[in-house]
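# Structural features, examined
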Amino acid sequence: MAMDLSALEIFRTVVEAGGITRAAERLHRVQSNVTTRIRQLEQSLGVELFVRDGRRMVLTPAGQTLFDYACRILQLSEEARHAVQPARPQGRLRIASMESTAASRLPNILAAYHQDWPDVELELVTLITRQALDAVRRFEVDCAFVAEPLGDTDLMSQPAFEEELVIVSSTSHRPIRSPDDVERATLLAFETGCNYRTRFEQWFGQRGRDMKRVIQLGSYHAIVTCAAAGIGVAIVPRSVLALYRNLPPIGIHPLGDTGRVTTVLTWHPSMNSAALTALADRLSIATEAVQATRAVA
């Protein structure tokens, strides 16, 4: 078996993910396939790349050397692909996005993009902000829609959407105007790394209070229904609530300036391409249309 780019990408992902299981999830492959490819790579090189200690996989000195080269080779491969890419958008465009943006903002944008540039193969994965930024840095995606602040100076960005975050509770909850009004200090949210969750925790802690409990859930549907049941409170973009045809009875509490947040499109400078530029242009058109509508209103 030749040491091709696919084998190096699998090897790099195993190292960065910390094991076969997580690497298989990232690569959308079965674990047995990833294991086989790693063993074939070791056989073709005639060296062991990992020391296997139970479920742990630790790089050998040879493995560390190959990892350094693999990162450089794969990066050069990406740069070469973009350098020779024609001006007309085509090929693959890998996009990461927050779940709220993917559900409420991107469908019309991507539909119009696909109509304009049908030769571009769009791939979309939903991740919380921190995971999406990590994917951009690891060059696993070409770009990402995330909430500000980015906290990075090495990434390019462009404003995409303006969101209003609101607190959601049961209908029996008293009006929430400050952290002191929150009756039960239980937050319903995505896992750590979600910028909306961080924003709420900072707002709640401004008077020295801490959330006694955080229940981590994997979707806004679960978050909203649990808030409606009175299990806790949540912070949700108003645009997500607008998607519901049968919204459960909930209390909606505006956050004012604290709830205003900008979603940006971000990418690594080396990943710029005709396909990505076309997406940025499509966003600019949509933003200008919204601003024009507001000006008329």
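First, a word on scope: everything that follows refers to the structure included in this document.

Conventions used here
- Residues numbered from 1 in each chain as written.
- Predicted model: local features only at pLDDT ≥ 70, side-chain atom pairs only at ≥ 80, totals over all residues.
- Heavy atoms only, no water.
- Helix = DSSP H or I, 4+ residues; strand = E, 2+ residues; numbered from the N terminus.
- Buried < 20%, exposed > 50% of the residue type's maximum accessible area, 1.4 Å probe, protein only.
- Contact = heavy atoms within 4.5 Å.
- Arc of directions from axis to C-beta.
- Polar contact = N/O pair within 3.5 Å; in protein donor to acceptor, adjacent residues only side chain to side chain.
- Axes fitted to C-alpha atoms, helices over the stretch in contact; angles between N-to-C directions.
- Parallel < 35°, antiparallel > 145°, perpendicular 65-115°, else oblique.
- Left-handed = near helix turned anticlockwise from the far one by under 90°.
- Nonpolar A, V, L, I, M, F, W, Y, C, P; charged D, E, K, R; others polar.
- Salt bridge = Lys/Arg side-chain N within 4 Å of Asp/Glu carboxyl O.
- Core = buried A, V, L, I, M, F, W, Y, C linked by side-chain atoms within 4.5 Å.

### Concerning the overall build of the protein
- Each helix and strand in the protein was counted, giving 11 helices and 11 strands.
- Taken over the C-alpha atoms alone, the protein extends approximately 70 × 50 × 35 Å along its principal axes.
- Out of the 297 residues in the protein, the part that is buried amounts to 44%.
- Relative to all contacts within the protein whose residues are 6 or more apart in sequence, the contacts with residues 24 or more apart total 74%.

### Description of helix α7 (residues 129-137)
- Taken as a whole, α7 has its buried residues at Thr129, Ala132, Leu133, Ala135 and Val136. Around the axis of α7, the buried residues are gathered within 155° of arc, so they sit on the same side.
- Looking at the buried side of α7, the elements it contacts are β3 (91-97), β5 (143-147), α8 (195-204) and β11 (260-267).
- Trailing α7 by a residue or two, Phe139 shows a phi angle of about 60°, which is positive.

### A short note on helix α2 (residues 20-27)
- Of all the positions in α2, only Ile20, Ala23, Ala24 and Leu27 are classed as buried. On an axial view of α2, the arc spanned by its buried residues comes to 100°, and they lie on one face. Residues of α2 that are exposed and point more than 90 degrees away from the buried face comprise Arg22 and Glu25.
- Buried residues in α2 make contact with α1 (5-17), α3 (31-45) and β2 (56-59).

### Considering the environment of Arg137
- Looking at the secondary structure, you find Arg137 in helix α7.
- Once the C-alpha coordinates of Arg137 and Tyr220 are considered, the two residues, 83 residues apart in sequence, prove to be 26 Å apart.
- A distance of 2.5 Å separates polar atoms of two side chains, one belonging to Arg137 and the other to Asp134.

### Quick word on the side chain of Thr129
- Along the chain, Thr129 turns up in helix α7.
- Beyond its immediate stretch of four places on either side in the chain, Thr129 contacts Met98, Val146, Ala147, Gly193 and Asn195.

### Description of the packing of α1 against α3
- Taken N-terminus to C-terminus, the directions of α1 and α3 make an angle of 110°; their axes are 10 Å apart at the nearest point. Here α3 runs roughly perpendicular to α1, going by the angle between their axes. Here α1 runs over α3; the crossing is left-handed. On α3, the residues touching Ser6, Ala7, Ile10, Phe11 and Val14 of α1 are Val34, Arg37, Ile38 and Leu41.
- Tallied by class, the residues present in the contact of α1 with α3 amount to seven nonpolar, one polar and one charged.

### Comments concerning the pattern of salt bridges
- Enumeration according to the criterion identifies 13 salt bridges in this entry.
- Among the salt bridges present, the one from Arg52 reaches Glu42, with a minimum N-O distance of 3.2 Å. Of this pair, Arg52 sits in strand β1 (residues 50-53) while Glu42 sits in helix α3, placing them 10 residues apart in sequence.
- Accessibility expressed as a relative area gives 10% for Glu42, which makes it buried.
- Two residues, Arg94 and Asp142, come together in a salt bridge whose shortest N-O distance is 3.3 Å. Here Arg94 is found in strand β3, whereas its partner Asp142 is found in the loop between α7 and β5, with 48 residues between them in sequence. Of the two residues, Arg94 and Asp142, both sit in the buried class.

### Some words on the nonpolar core
- Within the largest apolar cluster, 35 residues are counted, with the highest numbers of intra-cluster contacts made by Tyr196, Phe200, Trp203 and Val236.
- Mapped by element, the contributors of at least two residues to this core are β6 (156-169), β7 (186-189), α8, α9 (220-228), β9 (233-237) and α10 (238-241).
- The leading source of residues in this core is α9, at five residues.
- Apart from the residues lying within four places of it in its own chain, the contact partners of Phe200 are Ile167, Leu187, Met211, Val233 and Ile235.
- Listed in part, the 20 residues of the second largest apolar core include Ala24, Leu27, Val34 and Phe67.

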